[in-house]
Every structure is written in structure tokens, then in C-alpha cells.
Amino acid sequence: MFQNNPLLSQLKQQIRESKLQVEGTVKASDKAFGFLECDKKSYFIPPAAMKKVMHGDKIKALIEVIGDKEQAEPDQLLEPMLTRFIARVRFNKEKKLQILVDHPQINHAIGANKAKAIKEELQEGDWVVANLKTHPLRDDRFFFAQINEFICHADDEFAPWWVTLARHEQSRYPVNGLTSYQMHDQQTREDLTALHFVTIDAETTLDMDDALYIEPIKQGEQQTGWKLVVAIADPTAYIPSNSTIEQDAKQRCFTNYLPGFNIPMLPRELADEICSLTKDQIRPALVCYIETDLAGNLSAKPHFVSAYIQSKAKLVYEHVSDYLEQAVNAWQPETVEIAQQIDWLHQFTQARIQWRKQHSLLFKEKPDYHFILAENGKVAEIKAEYRRIANQIVEEAMIIANICAAEYLDEHAKCGIFNTHAGFDKKNLDTAHHFLLTNLANDTNHALLTERYSVDNLTTLTGYCQMRRDIEQVDNDYLEFRLRRLLTFAEFKTEFAPHFGLGLTGYATWTSPIRKYSDMVNHRLIKAILTNQPYEKPQDEILLRLQEARRQNRLVERDIADWLYCRYLAEKVAQKPEFEAKVQDVMRSGLRVQLLENGAYAFIPAPTLHDNKEEMSVNSDELSLYIQGKLAYKIGDVIQVQLCEVKEETRSIIVIPVQQK
């Protein structure tokens, strides 16, 4: 009787239009209900309505008043949380195929079918890629998805790698190579095979892309400086710019270094064999001659040449460091020539470290955490390793080589791919100015620091470097951690520009062309300059892809590490081990910390910090937590914590402060 009644439809429309309409994002709770988070307000979503939406959906909702409370009724889908997503296979009691979304706040099963292209027989717990096909707010009755890609079986020990790569749409396979390779560029190359080049890498490294040779510069018997010769592998000699390998490298942009193995940007036979600067093998290289005085200052313009070189020794970081540090039973160089190269490189490195300490910025000493894996992919050990002198030798050589490349490209081509960093985000300059004065100025130096930390001065490379040197004198990480939040991100640019993070006027990497596409681009530019060939300014789309690929690689590395940390620590929960931890973030919900022994990130829930949440407050400007009005925790603090719980399904590690046991 009432179906298709125009008066009833009109009445419903009038009632609908009379209600407040809002847009927001759905936030699920641990219970069946949820909330609609709008710009300035949060609305309750009852359990029945939550069945129509997914956590993270952006929706339009009608606000209804029930008694004295407002609640949201989902009305229109603006943007779904799920499009392409990672999930695990499950079968319900009727053996119907379902999937569970791999997301900590989405816990209900979604019906699914399997695309015809998938040949694997799916089993409970298998990992898959799916796409959402139906949504209740799109006039569909329920959520439904299609499985479009099989990732791995539930019992695959390498699931953390394969699932994470699939999540970020990165291949687990190397670039396809060719059956044979020929050098396609026929430019004249100098024969530098007589020079005593050496490589310094990890013992297992195969893709060696840099070799070093050094000798003193003398006037008569007096040494006046150093001549460093940096030879870099030349993969572009084998890769035409219009080739499939080039296009694949342009898409990947970087070799992906993961725990246990890497996924190279170039075909393995190029990266690990043909182009690698292997001991005793003659290889084509792009070479830069660099001259400095004894204090490490550049004393001549860099000189680039195409050449053939032959590495005379493959040296290992740990061996060289042990030798220079005179460790007991340390490795010894095989020949006098190798010992001489190590000694001279050491002296050069010490001069350059002092130069950077005075004229630019040094890296703060922090450990790198390495997963030691068993053959089955399980984590056997996690090592914290600090950069030793051999690492610094290579690091300083590469830094000065990249400084020279930036200057060379700017002078001769007025373009290239430059690594840049602008320091503080412009909108944060006033905050940085006031923060520095508040934390560093006192009655005796206030006038001096007011000028030193002025907004205008902080926007200059000199002023920024001076500020960084000032905060390094403070014996804690609070200033650094707080100021880090005010910085802009590093960028790739096609024009010469400063890199505030390094404290340098210009920086363009060319020293890792086997591993970085930007370095391949800079190689082609330098070689075009050397041979008077035409060249083009790198396209903006290349910069955008480099930026995105760098972001993706960091996410992949982080996500795999989080998963492996959970697997490693899950077996230790029963032992309740204690760790030193550094506070990384302060939130109302608790503290995010890093365990200093192994590098794992963990969470301390607020209730374990104090039993009365009304007596706790967070200062978001200071990134600190106050309890009963007194400062209790701030970023950079080192505290003692105890492992409490590990949730591998959400990749989360829970710890509690030791004093609250």
C-alpha cells in the first residue's frame, strides 16, 4: 500500500534534509560500536550502523538525537578505507571462503571469491591480495571482495618479507636480465689498471660499486695534500637509455636492502658480476680525481674521466677497523701496498672528519641494528653495530666525491639530480626560534642567542649549522628529537641547492649507480659532458618517482623489521626481560619507545604509567607527559622497561616501566 507512494517519499526526504549532515572518518572501537571523527567533533556510531561501514571509511552521515545524545547514521560513502588490501584466508563453518583484513582495527570477516588466474589451492591462514567489490553504502547488501593475488602459504617463514613487499606493491624478484651483455658506449677510456685501487665492503657484499686509491701530494720532500681517486662502477656502459632494463630501474629506483638478502635494482648478473669492481678483474668505471690540502679543504676543481680500473684487494670493514684500531690478533694486510693505502686513507679520513666538524655537520653516532637470520628465516640474533673507522673511510670518500659531483654538474650542465634539504619547514621557523631561546638562552647569552637563532639566521646554511653544533653540546637527545619535528623533508631537485642536514652547499650522489637510479642519471650526464654529447635536464616525473620509491623502501624496511622484532621477542615474553629504552613519542594513550639493545619499537600504555588518568596531562609542544603537575617523561628520556606482551597479528610490542611492576 505504501510502496512507491510519492507523498511518503517526499516526507522521508524532508525528514532527511532536516537532519544535520556531517562528513568524517569512521573509527572503530574494541567493541561493536564506533565513532565518526569530524574536524571538531566526534559522533557515536551504534553497533547496527557500524555493520554498514569499515574502520577508516570516509563517509557522509546524518546526525540523529536520541534522548540527549547525538549519534551518526551512515548515509553516503565518500572514500572507502579498503580498495586493494592484504588479507588472510579463512573458511567459515559452511566452508565458504572468507578473508580477514590485515589491519589492527578491522576484525570482521569479509566474504570473498577467488580470481580465475589464481591456481593455488587456498588454505586457512594463507596470505593474499584482495580488492573490495561491494560496500553496504554503495547500495550493496554486504561487504564482498575478490582475491586477485596469492602471496604465500600460512606456514611460510618468509611471510614477513613477501607480505610486506606485496602490501607496498614491490616485486620480490630481481629485474629480468639478458642472455649476454655488450658495452654499448664506445667512448675513450683511460687505462688506470696500474693504480692500486682497493674496495672496502662487508664480507658478503657482491655488488661492489666503489674503489679507492690515494697518494700524497708533495712539493719536494714536503707533503702538501692528498690526491684521492674515486672509481665508481659504470653500469650505464652496458645499459642503453631506451632499454627495458633502464625502464625497470627507473621504476624501482633503488636496490631494496632487506634483512637477510637484497632485491637489486639491476639484474643480478650486472650488479653482482659484470659491473661489480671485483678483485683482479678489469672493469669500466667513471673516475673522479680529488685534491685536498692536509686540512681536508678542496684545493683544485674535481676532474672526471672514463677509465678501466682493476681492484687489487677486496677489504672487509671489520678487518680494516681491527687493523687500524690495533685489536689483539687483528687481521693484517697481505701486501705493503695494501697497508700503505689503508694508512693513507686513514690519514685522509681523519682530516676530512675534522673539516666536516668545522665546516659542515657530522652524523650523530647511532647504532645500526642487523638481523642475523637462520636458514629458515627465523631471527637468530640482533646485533647493534656502530660505524667504525673503516666505515668512516668509505663514508668520507663518498661524501667528498658527491660534493665534487654536485659542483661539477652545476658548473658544466646547470642540472642534475641533487640531494637537497631546506632545514626547518618555513611554517615552523618561529616555533624553532622560541624553542631554542627557551632551552638554550640564559641571562648572560640571551642577546647573543637571540641573534644567532633569529628566523632569518636559521634559514641560512651557516646559521643552521651553528645551531646544530650548539645543541650537540647538550648531553641528551631532547633538543634534537624536538627540533626534528620542525624540519622539512629531504628532496631531490634538478638544480644545485644546499643540503642543510649534511651542512653542505650542494650534494649530488653518483657513487652507487648499481643501487640508485639517480646515480645512473648523474653518470649519464657526467659522461655526456666528458664527450661533448647532448643531454637533457632530468624530468620532474623522475624526481617524483625517486621520492615515492624512497618512501616505499623505508616503509618496507620498517614493516619487515617490526614483524621480525615481534617474532624474536615473542619467545622471550615469559622470561620478562628488562631493557633500556629511549622515549620516541609522547601521546595521551602512552609512550612510544625504542629498545636500545636491539632497536625494536615498543609501546607503553598510559595506565601502566599512572593509575589515575585524570592526574595525567600531555604537553604537545614539549612532547612531554606530566603526572600530578610534575614532569614525568619527555622525548629523549632513557628509561628502564620490562617486556610485557607481543601481538604478532598487529605487529605490536607492549612494555611497562620497571618501577610500576
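Our subject in this report is the structure included herewith. (Residues numbered from 1 in each chain as written. Predicted model: local features only at pLDDT ≥ 70, side-chain atom pairs only at ≥ 80, totals over all residues. Heavy atoms only, no water.)

Description of the pattern of salt bridges
When charged atoms on two side chains of opposite charge get close, those side chains can pair.
Line of reasoning, step 1. Under the counting rule described, the total for this entry stands at 36 salt bridges.
Line of reasoning, step 2. Two residues, Arg-651 and Asp-102, come together in a salt bridge whose shortest N-O distance is 2.6 Å. Placement of Arg-651 in the loop between strand 29 (638-647) and strand 30 (652-657) and of Asp-102 in the loop between strand 7 (97-101) and strand 8 (110-114) is noted, with a sequence separation of 549 residues between them. There is no split in this pair, since Arg-651 and Asp-102 are both buried.
Line of reasoning, step 3. Measuring nitrogen to oxygen at the nearest pair gives 2.9 Å for the salt bridge that ties Asp-425 to Lys-427.
Line of reasoning, step 4. The exposure class assigned to Lys-427 is exposed, which follows from its relative accessible area of 65%. (Salt bridge = Lys/Arg side-chain N within 4 Å of Asp/Glu carboxyl O. Helix = DSSP H or I, 4+ residues; strand = E, 2+ residues; numbered from the N terminus. Buried < 20%, exposed > 50% of the residue type's maximum accessible area, 1.4 Å probe, protein only.)

Points about the packing of aromatic side chains
Line of reasoning, step 1. Counting across every chain of the model gives 17 aromatic pairs.
Line of reasoning, step 2. Ring centres of Phe-35 and Phe-44 lie 6.1 Å apart, and the angle between their planes is 75°; on these two criteria the pair is classed as edge-to-face.
Line of reasoning, step 3. Since its relative accessible area comes to 29%, Phe-35 is described here as partly exposed.
Line of reasoning, step 4. It is Arg-484 that lies over the ring of Phe-481; its NZ or CZ is 4.7 Å from the centre. (Phe/Tyr/Trp six-rings, centres within 6.5 Å; stacked < 30°, edge-to-face > 60°. Lys NZ or Arg CZ within 6 Å of the ring centre and 35° of its normal.)

With respect to the nonpolar core
For soluble globular proteins, the rule of thumb is that nonpolar side chains tend to be buried together.
Line of reasoning, step 1. Counting residues in hydrophobic clusters, the biggest one holds 79 residues, and the most contacted among them are Leu-228, Val-230, Val-287, Ile-309, Trp-510 and Tyr-517.
Line of reasoning, step 2. Here the element with the most residues in this core is helix 8 (residues 389-412); it accounts for 13 residues.
Line of reasoning, step 3. Val-287 has contacts with Leu-192, Val-229, Val-230, Ala-231, His-303, Phe-304, Val-305, Ala-307, Ile-309 and Trp-510, leaving out every residue within four places of it along the chain. (Core = buried A, V, L, I, M, F, W, Y, C linked by side-chain atoms within 4.5 Å. Contact = heavy atoms within 4.5 Å.)

Quick look at helix 7 (residues 336-359)
Line of reasoning, step 1. Here helix 7 contains 24 residues, and its C-alpha end-to-end distance of 34 Å stays within 8% of the 34 Å for a straight helix at 1.5 Å per residue.
Line of reasoning, step 2. Those residues of helix 7 not exposed but buried are Ile-338, Gln-341, Ile-342, Leu-345, His-346, Phe-348, Thr-349, Ala-351, Arg-352, Ile-353, Trp-355 and Arg-356. (Expected span 1.5 Å × (residues − 1).)

A closer look at the pairing of strand 14 (residues 222-233)
Line of reasoning, step 1. By the bridge criterion, 10 bridges tie strand 13 (residues 210-219) to strand 14 in an arrangement that is antiparallel. The residue of strand 14 that forms the bridge with Glu-215 is Lys-227.
Line of reasoning, step 2. A loop of 2 residues connects strand 13 with strand 14, the two strands running antiparallel in sequence, and Gly-220 in this loop sits at a positive phi of about 70°.
Line of reasoning, step 3. Sheet topology note: the strand 14/strand 17 (residues 282-293) ladder contains 9 bridges and is antiparallel. Residue Gly-225 lies in a different strand from strand 17, and its bridge partner there is Asp-293. (Pairing = 2+ DSSP bridges.)

Quick notes on the side chain of Thr-193
Line of reasoning, step 1. By the element assignment, Thr-193 lies in the loop between strand 11 (190-191) and strand 12 (197-201).
Line of reasoning, step 2. Overall, Thr-193 belongs to the buried group, its relative accessible area being 18%.
Line of reasoning, step 3. Of note is the side chain of Thr-193, whose polar atom sits 2.6 Å from the side chain of Asp-191. (Polar contact = N/O pair within 3.5 Å; in protein donor to acceptor, adjacent residues only side chain to side chain.)

Concerning the sheet that holds strand 9 (residues 127-134)
Line of reasoning, step 1. Judged by pairing direction, the barrel is mixed, and its 5 strands sit side by side in the order 6-7-8-10-9 before closing back on the first. On average, adjacent strands in this sheet sit at an angle of 55° to one another, irrespective of strand direction.
Line of reasoning, step 2. In terms of strand pairing, strand 8 meets strand 10 (residues 144-152) through 4 bridges, oriented parallel. In the sheet register, Gly-111 faces strand 10, and the bridge partner there is Phe-144.
Line of reasoning, step 3. Strands in contact with helix 3 (residues 159-167) are strand 6 (84-91), strand 9 and strand 10; relative to strand 10, the strand with the most contacts, it is inclined by about 130°. (Axes fitted to C-alpha atoms, helices over the stretch in contact; angles between N-to-C directions.)

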